[in-house]
Amino acid sequence: MARAVPETHGEILAAAARRFAVTGYKGTSLQDIARAVGCSKATVLYHFANKEALLSELMAPAIAVLEALDAQIAGATGAAAQEIAVEGFVDLAVRFRREIALLRGEFPDLLQQPAFAHIQEISERLIAAFAGHSDRPSARIAALVVLAGIAETCGEFIDIPDDELRPALLAVVRRALEPVT
């Protein structure tokens with residue numbers, strides 16, 4: 001028996017998230033999503049203009065938090081910027097780890113899409129803040145490794161409770177980053 005047409009696009013979003021997690025964003029078609037929901041591709045397109053619009057809506061809450069963190073960092077320098085960036089990004093990554101898991105391995109390609117182009121600039125500012133706005137290559141390298149490591153770890157360890165993951169990440173980050181003087 002065929003399923004009824006989804007009443008909200010919440011069903012479509014949920015199906016898209018599941019498909020992206022299994023086959024990746026690039027490996028998932030709108031037809032795959034429609035099949036998972038039990039509707040036609042036209043129904044999916046009624047709710048979403050295209051696959052990028054689906055991903056944009058899935059990622060919108062995480063992006064809003066990232067943009068707010070970026071604004072907080074903009075008003076700080078040195079050690080204060082580093083601490084805001086570390087605490088804020090760890091909190092964001094733990095909170096949105098399912099969304100991060102959806103993008104694992106595809107992040108560079110997604111940054112090429114117009115809806116996500118500004119994320120690259122925010123990432124560069126995060127790296128600078130993680131480095132304490134230092135020009136030392138070692139500080140910037142550590143910052144990039146830590147930032148990428150946080151995202152990768154949160155995407156990998158979906159099953160670890162937040163109250164265990166967050167302090168473990170913060171401890172590792174603080175050991176890895178160069179202190180700001």
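Check the entry above for the structure.
The numbering scheme is per chain: residues are counted from 1 as the chain's sequence reads. Residues qualify for local features only when their pLDDT is at least 70, as the model is predicted, and side-chain atom pairs are given and counted only at 80 or more; totals for whole chains, interfaces and linings, by contrast, use all residues. To get the side-chain values, all heavy atoms of the structure are used, and hydrogens and water are removed first.

## Considerations on unusual backbone geometry
Next, step 1: Even without a glycine there, the phi angle at His 133 is positive, about 60 degrees.
Next, step 2: Note on conventions: DSSP H or I runs of at least 4 residues are helices, E runs of at least 2 residues are strands, and numbering of each starts at the N terminus. Tracing the chain through its elements places His 133 in the loop between helix H8 (117–130) and helix H9 (137–156).
Next, step 3: Given a relative accessible area of 40%, His 133 falls into the partly exposed group. Remark: exposure states derive from per-residue accessible area (1.4 Å probe, protein chains only) relative to the maximum for the residue type, with buried under 20%, exposed over 50%, and partly exposed in between.

## Section: the packing of H9 against helix H10 (residues 162–176)
Next, step 1: Comment: axis = line fitted to C-alpha atoms, over the contacting stretch for helices; angle = value between 0 and 180 degrees taken between N-to-C directions. At a closest axis distance of 10 Å, the pairing of H9 and H10 adopts a crossing angle of 165 degrees. Taken together, H9 and H10 sit at an angle that is classed as roughly antiparallel. Considering the relative orientation of H9 and H10, their crossing is right-handed. Contacts from Ala 142, Val 146, Ile 150, Thr 153 and Cys 154 of H9 reach H10 at Leu 165, Leu 169, Val 173 and Ala 176.
Next, step 2: Residue polarity follows a fixed list, in which Ala, Val, Leu, Ile, Met, Phe, Trp, Tyr, Cys and Pro are nonpolar, Asp, Glu, Lys and Arg are charged, and the others, Gly among them, are polar. Counted by class, the contact of H9 with H10 contains eight nonpolar, one polar and no charged residues. Under this scheme an angle from 65 to 115 degrees is roughly perpendicular, one under 35 degrees roughly parallel, and one over 145 degrees roughly antiparallel; angles in between are oblique. Each crossing gets its handedness from the near helix: less than a right angle anticlockwise from the far helix is left-handed, clockwise is right-handed. Any two residues whose heavy atoms approach within 4.5 Å are treated as being in contact.

## As for the packing of aromatic side chains
Next, step 1: What counts as a ring pair is set by centres within 6.5 Å for rings of Phe, Tyr and Trp (its six-membered ring), and what kind of pair is set by the plane angle: stacked under 30 degrees, edge-to-face over 60, tilted for all other angles. Tallied over the full model, the rule gives two aromatic pairs.
Next, step 2: Pairing Phe 20 with Tyr 25 gives two aromatic rings, centres 5.3 Å apart and planes at 65 degrees, and the pair type is edge-to-face. Assigned by exposure class, Phe 20 and Tyr 25 land together as buried.
Next, step 3: With a centroid separation of 6.3 Å and an interplanar angle of 80 degrees, the aromatic rings of Phe 89 and Phe 130 are classed as edge-to-face. Here Phe 89, found in helix H5 (residues 78–95), pairs with Phe 130, found in helix H8; they are 41 residues apart in sequence, far enough to count as distant. Phe 130 matches Phe 89 in its accessibility class, with the two residues each being buried.
Next, step 4: In this scheme, the term charge over a ring applies when either NZ of a lysine or CZ of an arginine sits within 6 Å of the ring centre and within 35 degrees of the ring normal. For the cation-ring pair, Lys 51 lies above Tyr 25, with the distance from its terminal atom to the ring centre recorded as 4.4 Å.

## Thoughts on helix H1 (residues 9–23)
Since the α-helix advances by 3.6 residues per turn, residues separated by three or four positions end up pointing in the same direction.
Next, step 1: Expected span, for any helix, means 1.5 Å times one less than how many residues it has. Across its 15 residues, H1 extends 21 Å between first and last C-alpha, which sits within 8% of the 21 Å expected from 1.5 Å per residue.
Next, step 2: When H1 is considered as a whole, its buried residues turn out to be Ile 12, Leu 13, Ala 15, Ala 16, Ala 17 and Phe 20.
Next, step 3: Buried residues in H1 make contact with helix H2 (30–37), helix H3 (41–47), helix H4 (51–74) and helix H6 (97–103).
Next, step 4: Remark: Gly 24 follows H1 within two positions and exhibits a positive phi of approximately 80 degrees.

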